Amino acid sequence: MHYPQLTTMLNHITGPIMAITIAVICVGFSIYFCHTAVRRLIFRLKQRSIITLVEMRQSKLTSYISLAVIAVVVVIVIAQIFNGPEISALHYQYSLNRVFATILLSAITLLGVSVALVVGVALINLCAVMDKGLANAGRFYDWYNLHDYLMDDKNRLTVSTQKLTFLTFKGTLPPAKVREEDVPKLEFILNKNKNKFH
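A few points on the structure. (Residues numbered from 1 in each chain as written. Predicted model: local features only at pLDDT ≥ 70, side-chain atom pairs only at ≥ 80, totals over all residues. Heavy atoms only, no water.)

**Some points on the overall build of the protein**
Here is step 1: If you tally the helices and strands in the protein, you get six helices and seven strands.
Here is step 2: Counting the 198 residues in the protein, one finds 34% classified as buried. (Helix = DSSP H or I, 4+ residues; strand = E, 2+ residues; numbered from the N terminus. Buried < 20%, exposed > 50% of the residue type's maximum accessible area, 1.4 Å probe, protein only.)

Written out as structure tokens, the structure is:
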């Protein structure tokens, strides 16, 4: 037997619960990404006081593309919050009233903004070999956290943080380009500190 009133009532209950659950998950991830961005920003400010031995350059094209895509998604979601067909779709498909639909879309927007913040901070971070370790991808790696390095014929440095990483690419840091005149200095620094690698 089919009970349309019972189905409608269940939709009215499960729709808001689903919206709140997804919103809470999005807010949780947003807090994590914001925390990551703040830590990396603090590290960027601290880099000014750390002795930089060799500066390196990373390709930031992927970060710019990611930032552009995230920005477009955030703008679209914000547009849906104020006056978009998604509000009506959420109402008809999941029985969400405007309040719950707005909460859900706002949480998704917050998640997008927090991811964009992480990517934006990564763009301003310096990639360099320092006296106490290596700064790469917005994080600092002490010499003891590194395992091996590889320098190719195009003066690109790839560093691993785990054994056998060059076979699996697990724990491989993004490659960074070094100026040709800095290569001997960089290899000297890495070989000098290689006895500290785990």
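Next comes the rest of the account.
**What about the environment of Gly112?**
Here is step 1: Among the secondary structure elements, Gly112 is positioned in helix H4 (residues 98-124).
Here is step 2: Measuring from C-alpha to C-alpha, the distance between Gly112 and Val69 comes to 9.9 Å, with 43 residues separating the pair along the chain.
Here is step 3: If we skip the residues at most four places from it in the chain, Gly112 touches Ile70 and Val74. (Contact = heavy atoms within 4.5 Å.)

**Re the sheet that holds strand S2 (residues 127-130)**
Here is step 1: With antiparallel pairing, four strands are arranged side by side in an open sheet as S1-S2-S3-S4. If you trace the sheet from one side to the other, it starts and ends with strand S1 (52-56) and strand S4 (139-142), each paired once. Averaged over all neighbouring strand pairs, the angle between strand axes comes to 20°, with direction disregarded.
Here is step 2: Where S2 and strand S3 (residues 133-136) come together, two bridges link them in antiparallel fashion. (Pairing = 2+ DSSP bridges. Axes fitted to C-alpha atoms, helices over the stretch in contact; angles between N-to-C directions.)

**Focus: the side chain of Ser30**
Here is step 1: Tracing the sequence through the fold places Ser30 in helix H1 (residues 4-46).
Here is step 2: Non-local contacts of Ser30, meaning those with residues more than four positions away in its chain, are made with Ala107, Leu110, Leu111 and Ser114.

**A look at the nonpolar core**
Here is step 1: Residues Met56, Val129, Leu134, Leu157, Val159, Val178 and Leu186 are the most contacted members of the largest nonpolar core, which totals 19 residues.
Here is step 2: Of all the secondary structure elements, the ones that give two or more residues to this core are S1, S2, strand S5 (148-151), strand S6 (156-160) and helix H6 (183-193).
Here is step 3: Looking at this core element by element, the count peaks at four residues for H6.
Here is step 4: In this structure, Phe43, Leu126, Met130 and Ala135 belong to the second largest nonpolar core, which totals five residues. (Core = buried A, V, L, I, M, F, W, Y, C linked by side-chain atoms within 4.5 Å.)

**Brief notes about the packing of aromatic side chains**
Here is step 1: Evaluation of the coordinates by the stated rule reveals three aromatic pairs.
Here is step 2: Ring-pair connections join several aromatic residues into one group, and the members of that group are Phe29, Tyr32 and Phe33. (Phe/Tyr/Trp six-rings, centres within 6.5 Å; stacked < 30°, edge-to-face > 60°.)

**Considering the pattern of salt bridges**
Here is step 1: By the definition in use, this model includes three salt bridges.
Here is step 2: The shortest N-O distance in the salt bridge between Asp152 and Arg156 comes to 2.9 Å.
Here is step 3: Given the relative accessible area of 27%, Asp152 is considered partly exposed.
Here is step 4: Among the residues examined, Arg156 registers a relative accessible area of 35% and is labelled partly exposed.
Here is step 5: In this structure, the salt-bridge partner of Arg179 is Asp182, at a minimum N-O distance of 3.2 Å.
Here is step 6: Judged by its relative accessible area of 45%, Arg179 is partly exposed.
Here is step 7: Overall, the relative accessible area of 12% leaves Asp182 in the buried class. (Salt bridge = Lys/Arg side-chain N within 4 Å of Asp/Glu carboxyl O.)

**Thoughts on H6**
Each α-helix winds once per 3.6 residues, and so residues spaced three or four apart point in a common direction.
Here is step 1: Buried residues of H6: Val183, Leu186, Ile189, Leu190 and Asn193, and no others. The arc that holds every buried residue of H6, seen down its axis, measures 130°, which confines them to one face. Every exposed residue of H6 that faces more than 90 degrees away from the buried side is listed here: Pro184, Phe188 and Lys192.
Here is step 2: If you follow the buried residues of H6, they end up packed against S1, S2, S5 and S6. (Arc of directions from axis to C-beta.)

**Points about the pairing of S5**
Here is step 1: Every second residue of S5 is oriented toward a common face, the buried set being Tyr149 and Met151 and the non-buried set Asp148 and Leu150.
Here is step 2: Here four bridges tie S5 to S6, and the two strands are oriented antiparallel to one another. Within the sheet, the bridge partner assigned to Met151 lies in S6 and is Leu157.

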